[in-house]
Amino acid sequence: MRLSEGVKQLLIINILFFIGSQFVPATYDYLAMYYFDNAKFQVWQPLTYMFMHGGIMHIFFNMFALFSFGTTLEMIFGTKRLYLLFLISGLGAALLHMGVNYYSVINGVNQLVTAGFQETEIYNLLKNGMYDRRWESHLSASDFTAMISAFNTPVVGASGAVYGFLVAFAYMFPNAELMMMFIPVPIKAKYFVPGILAIDLIGGLTGGFSIFGGGTGIAHFAHVGGALTGFLLVRYWKQNQFKQNRWDL
């Protein structure tokens, strides 16, 4: 498959960001996306996080998917819309991820306030990267972990944007047959992509596995947010296709 111009540029940008972060690790704290109330959060992070990656396998799978689906999408929508799909899906992923983190933090804080802790003291400790050991006796293990992780753990990766590409491809080519690595059985896109999303949704609720980046520490809801945003954007483009073609003639 020929490497299209827009996909090539996105690959180059992601790879340069990755190489740069390996040589200057301090950039990670500036460009990864932290919780909005964390002292390390910066306004540009909802944009820059999608060009950062946590390791070789992380960037490899994301760039492989970007190449696999992006070239075809660029042939249909053009380079400018390919960039828009990538960026808007990535921003949608950031929004849902941040929303879920907000719920996790608020849920934990409210329980602690009910238990008699001062809200300002709770936030002061969290903002300084600390916590009170007594919190563990007032929160379930899952609620405590979710609150601490949501507040302090940054998110990186183009996965949310790539999920936008996946859904866009399935929407445009529902009967195209796809195969996963190590599973040489063709599956139509209209079943393949919803299946991946279902795995991510379950993973987000249980802390389980994800296709793109296995194991724990995966931003499952960012994947879902990117997919939903990509779907809405491509659906809008397709529904307005007749009007656009009429004015372009």
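The rules behind each value
Residues numbered from 1 in each chain as written. Predicted model: local features only at pLDDT ≥ 70, side-chain atom pairs only at ≥ 80, totals over all residues. Heavy atoms only, no water. Salt bridge = Lys/Arg side-chain N within 4 Å of Asp/Glu carboxyl O. Helix = DSSP H or I, 4+ residues; strand = E, 2+ residues; numbered from the N terminus. Phe/Tyr/Trp six-rings, centres within 6.5 Å; stacked < 30°, edge-to-face > 60°. Buried < 20%, exposed > 50% of the residue type's maximum accessible area, 1.4 Å probe, protein only. Core = buried A, V, L, I, M, F, W, Y, C linked by side-chain atoms within 4.5 Å. Expected span 1.5 Å × (residues − 1). Bend = angle between axes of the 7 residues up to and from the residue. Patch = residues over 30% accessible without salt bridge, like charges linked within 9 Å, V, L, I, M, F, W, Y side chains within 5 Å. Areas by Shrake-Rupley, 256 points an atom, 1.4 Å probe, with all protein chains shown as cover. Contact = heavy atoms within 4.5 Å. Axes fitted to C-alpha atoms, helices over the stretch in contact; angles between N-to-C directions. Parallel < 35°, antiparallel > 145°, perpendicular 65-115°, else oblique. Nonpolar A, V, L, I, M, F, W, Y, C, P; charged D, E, K, R; others polar. Left-handed = near helix turned anticlockwise from the far one by under 90°. pLDDT = per-residue confidence, 0-100.

(A) Region of the structure containing the pattern of salt bridges. Applying the stated criterion across every chain yields a total of five salt bridges. Note that Glu5 and Lys8 form a salt bridge whose closest N and O atoms lie 3.3 Å from each other. On the criterion of helical spacing, the pair formed by Glu5 and Lys8 is a turn pair, its members being three residues apart in helix H1 (residues 5-23). The closest approach of N and O atoms between Asp37 and Lys127, which form a salt bridge, is 3.7 Å.

(B) The packing of aromatic side chains, seen in detail. For the coordinates displayed, the defined rule picks out 14 aromatic pairs. The interplanar angle of 70 degrees and the centroid separation of 5.4 Å between the aromatic rings of Phe60 and Phe61 together place this pair among those described as edge-to-face. Overall, Phe60 belongs to the partly exposed group, its relative accessible area being 40%. Of the residues examined, Phe61 reaches a relative accessible area of 24% and is grouped as partly exposed. Judged by centre distance (6.1 Å) and plane angle (75 degrees), the rings of Phe86 and Phe165 are edge-to-face. Here Phe165 lies in helix H8 (residues 159-172) and Phe86 lies in helix H5 (residues 79-114), a separation of 79 residues in the sequence. Like Phe165, Phe86 is buried.

(C) Fine view of the nonpolar core. In this structure, Leu66, Leu73, Leu85, Phe86, Trp135 and Phe165 are the most contacted members of the largest nonpolar core, which totals 60 residues. When residues of this core are traced back to their parent elements, those giving at least two are H1, helix H4 (56-77), H5, helix H6 (119-127), helix H7 (141-152), H8, helix H9 (189-206) and helix H10 (220-239). Ranked by residues supplied to this core, first place goes to H8 with 10 residues.

(D) Local environment of H4. Relative to the 32 Å expected for 22 residues at 1.5 Å per residue, H4 spans 30 Å between its end C-alpha atoms, a close match to the ideal helical length. In H4, a bend of some 35 degrees at Gly70 exceeds every other bend along the element. Buried residues of H4: Ile59, Asn62, Met63, Ala65, Leu66, Phe69, Gly70, Thr71, Thr72, Leu73, Glu74 and Phe77, and no others. Gly78, located one to two residues past H4, shows a positive phi value of around 95 degrees.

(E) Expanded view of a nonpolar patch on the surface. On the surface, Leu47, Leu84, Leu87, Ile88 and Leu91 cluster together into a nonpolar patch covering about 370 Å² of accessible area. Taking the relative accessible area as the measure of exposure, Leu84 reaches 42% and is therefore partly exposed.

(F) Structural view of the side chain of Ser104. Secondary-structure assignment places Ser104 in helix H5. On the basis of relative accessible area, Ser104 is assigned to the buried category, the value being 15%. In contact with Ser104, not counting residues within four places along its chain, are Ala146, Met147 and Ala150.

(G) Inspection of the packing of H1 against H5 at higher detail. One can describe the packing of H1 onto H5 by two numbers: an axis separation of 8 Å at closest approach and a directional angle of 40 degrees. Comparing the axis directions of H1 and H5 gives the class oblique. Contacts between H1 and H5 pair Glu5, Gly6, Val7, Gln9, Leu10 and Asn14 from the former with Thr79, Leu82, Tyr83 and Phe86 from the latter. Of the residues in the contact of H1 with H5, the class split is five nonpolar, four polar and one charged.

(H) A look at the packing of H5 against H7. Running from N to C, H5 and H7 point in directions that differ by 125 degrees, and their axes come no closer than 8 Å. Regarding the angle of H5 to H7, the classification is oblique. By crossing handedness, the relation of H5 to H7 is classed as left-handed. Here Asn101, Ser104, Val105, Asn107, Gly108, Val109, Gln111 and Leu112 of H5 come into contact with H7, specifically with Asp143, Ala146, Met147, Ala150 and Phe151. Across the contact of H5 with H7, the residue classes break down as seven nonpolar, five polar and one charged.

(I) Seen up close, the confidence of the model for the protein chain. Within the protein chain, residue pLDDT values average 88, and 88% of them lie at 70 or more. Looking across the protein chain, the model is least confident in helix H11 (residues 241-248), with a mean pLDDT of 52, and most confident in helix H3 (residues 45-48), with 97.

(J) Focus on the environment of Lys127. Positionally, Lys127 belongs in helix H6. Judged by relative accessible area, Lys127 falls into the partly exposed class, the value being 38%. Put simply, Lys127 and Asn152 are 25 residues apart on the chain and 8.5 Å apart in space, counted from C-alpha to C-alpha. Setting aside residues no more than four positions away along its own chain, Lys127 makes contact with Asp37, Ala39 and Phe151.

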